[in-house]
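# Notes for the structure review
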Amino acid sequence: MNELTPPTYDVAVLGGGPAGAIAATHLAQRGRRVLVLERDRFPRFHIGESLLATCNDAFAAVGLTDKVRAAGYQVKWGATFITHDGSHDRYADFSASRELAEPQTWQVERARFDRMLLTHAAEAGAEVREEHRVLNTEFEASGVTVTARDAAGASHRFRAAAVIDASGRAGLLSRQLGLRREDPQLPNIAVYAHFRGVPPLEGRRRGDIRIVARHDAGWFWVIPISDELMSVGVVLPKPLFDRLPRGSHEGMLRHAVAETPVMAELMRQAELVWEARVEKEFSYSTSAYAGDRWLLAGDSGSFLDPVFSSGVAIALESGLEAARAADQALTRGDLSARSFRRFDARQRARYEAFRRFVLAFYTPSFRDLFFQPAANPAFFRAVVTVLGGRWRPTLPTRMLIAIFFVIVRLQDRFDLAPRIYPRGEDGRARLAGAPGN
């Protein structure tokens, strides 16, 4: 195969997770010849079970709404945030926002959810090849050559006009091209597992995620995957993770639980379902999200600390946007980086919009204000709009958010609201163990 060989496919999608599956679906529905190369055999385990309300927009765009609703996933209306000792809690109800058209979303078992999305792509006409590990991607003037190895060890070469890298945190193209940028302000590590015997919330909030903010810069997630199964994890900045006693991952998780009264009570009768796991390098971005004949979607381009459950929402939205950009570029006959400038700028803006909230969550001044029940409802509604996934809200909402962040900065100096979380030892607006300590 050489440079003169015409492409067999319009687009090769590297990875069959949410970003890759939705990109392949949209392109196939547009009549494009699409190849999906997925390293694993689905279903396979994946963390990241909590969806945001804006995922509904992506489902509707590719005809997935009915399948998602029929799948029987746990219904989610929002998130409950709880202080380490249970003295304060705040409910972020997505229906409070006027900018989230479909506020109800889901908690999903990713193995089943991801398989549903990938199957939908195949049904739309995409050629899906599982257990094909991508080894190399070569860019030429006339197309892209992707080399992959199948489960039997045989090597295959595929020709496409363009590539969408949706390979997740493996970041095939971003690593190959030297684009990845680790986020030095979010060097966080997660320890997590699935449990039985964790009591759920009651009533309408039964399927909602709980975020428990520790007394330091760490936090826990508690996500109901089913009526019996809970995903439980702790996220800690590296200095705090390094203080955990060495041993099994389960032992580390249970030690972190024992340090936080609310979690200790919730987990009192919890039974481990499978071995605990650790994830590192939780936050990174890239110096470019697109170039000549290539685009990055989902975690292949960037990944953020999961405190606000933005992972799948970003994957679906960016995957759909990559597919639309590729489709339009193919129509124009221009697959250069210049053709993808708007796509690149939008990915960068989305990452920064969510990152602003993630960084703020690790400051005591943000937590002090966030947990105040008497806080101005307009400000809280604006914050909930972004937490529901609408990262680029209307101008009035953006103005409210800007004012809220000004108040957060003032809180550290003037105590506009009662302090709930202590400052760092030097009095600065950071929690113990946060970056910079």
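Use the structure listed above.
Let me sum up the structure you'll find in this document. Treat the numbers as computed from the prediction; the structure is a model and nothing was measured.

Below, the discussion takes up the packing of helix α9 (residues 311-332) against helix α10 (residues 341-361). Between two packed helices, both the angle of their axes relative to each other and the distance between the axes serve to describe the pair. Two elements in contact, α9 and α10, have axes whose closest approach is 10 Å; the angle formed by their N-to-C orientations is 170 degrees. If you check the angle between α9 and α10, you find them roughly antiparallel. Here Ile314, Glu317, Ser318, Glu321, Ala322 and Ala325 of α9 come into contact with α10, specifically with Phe343, Arg346, Gln347, Arg350 and Phe354. The class makeup of the residues in the contact of α9 with α10 is five nonpolar, two polar and four charged.

Time to look at the layout of surface pockets. Size it by volume and the largest pocket reaches roughly 1,000 Å³. Lining the largest pocket are 50 residues; nearest its centre among them are His46, Arg110, Gly168, Arg169 and Asp299. Looking at the lining of the largest pocket, the elements that each hand over two or more residues are α1 (18-29), β8 (133-140), β13 (209-213), β14 (219-224), β17 (277-279) and α9. Sort the elements by how many residues they give to the lining of the largest pocket and α9 lands first, with four residues. By residue class, the composition of the lining of the largest pocket is 25 nonpolar, 14 polar and eleven charged.

Enumeration over the complete set of coordinates arrives at 31 salt bridges. The salt bridge partner of Arg30 is Asp327, with a shortest N-O separation of 2.9 Å. In this pair, Arg30 is assigned in the loop between α1 and β2 (34-37) and Asp327 in helix α9, connecting sequence segments 297 residues apart. Exposure remark for Arg30: the relative accessible area of 53% places this residue in the exposed category. Note that Arg214 and Asp216 form a salt bridge whose closest N and O atoms lie 2.8 Å from each other. Across the pair, exposure class does not vary: Arg214 and Asp216 are buried alike. Sharing partners across several salt bridges, the network here consists of Arg39, Asp40, Arg44, Arg110 and Asp114.

Calculation rules
- Residues numbered from 1 in each chain as written.
- Predicted model: local features only at pLDDT ≥ 70, side-chain atom pairs only at ≥ 80, totals over all residues.
- Heavy atoms only, no water.
- Axes fitted to C-alpha atoms, helices over the stretch in contact; angles between N-to-C directions.
- Helix = DSSP H or I, 4+ residues; strand = E, 2+ residues; numbered from the N terminus.
- Parallel < 35°, antiparallel > 145°, perpendicular 65-115°, else oblique.
- Contact = heavy atoms within 4.5 Å.
- Nonpolar A, V, L, I, M, F, W, Y, C, P; charged D, E, K, R; others polar.
- 1 Å grid on protein atoms, 1.4 Å probe; cavity = no way out; pocket = protein on both sides within 12 Å on 5 of 7 lines; lining within 4 Å.
- Points joined across faces, edges and corners; volume = space filled by probe spheres on them.
- Salt bridge = Lys/Arg side-chain N within 4 Å of Asp/Glu carboxyl O.
- Buried < 20%, exposed > 50% of the residue type's maximum accessible area, 1.4 Å probe, protein only.

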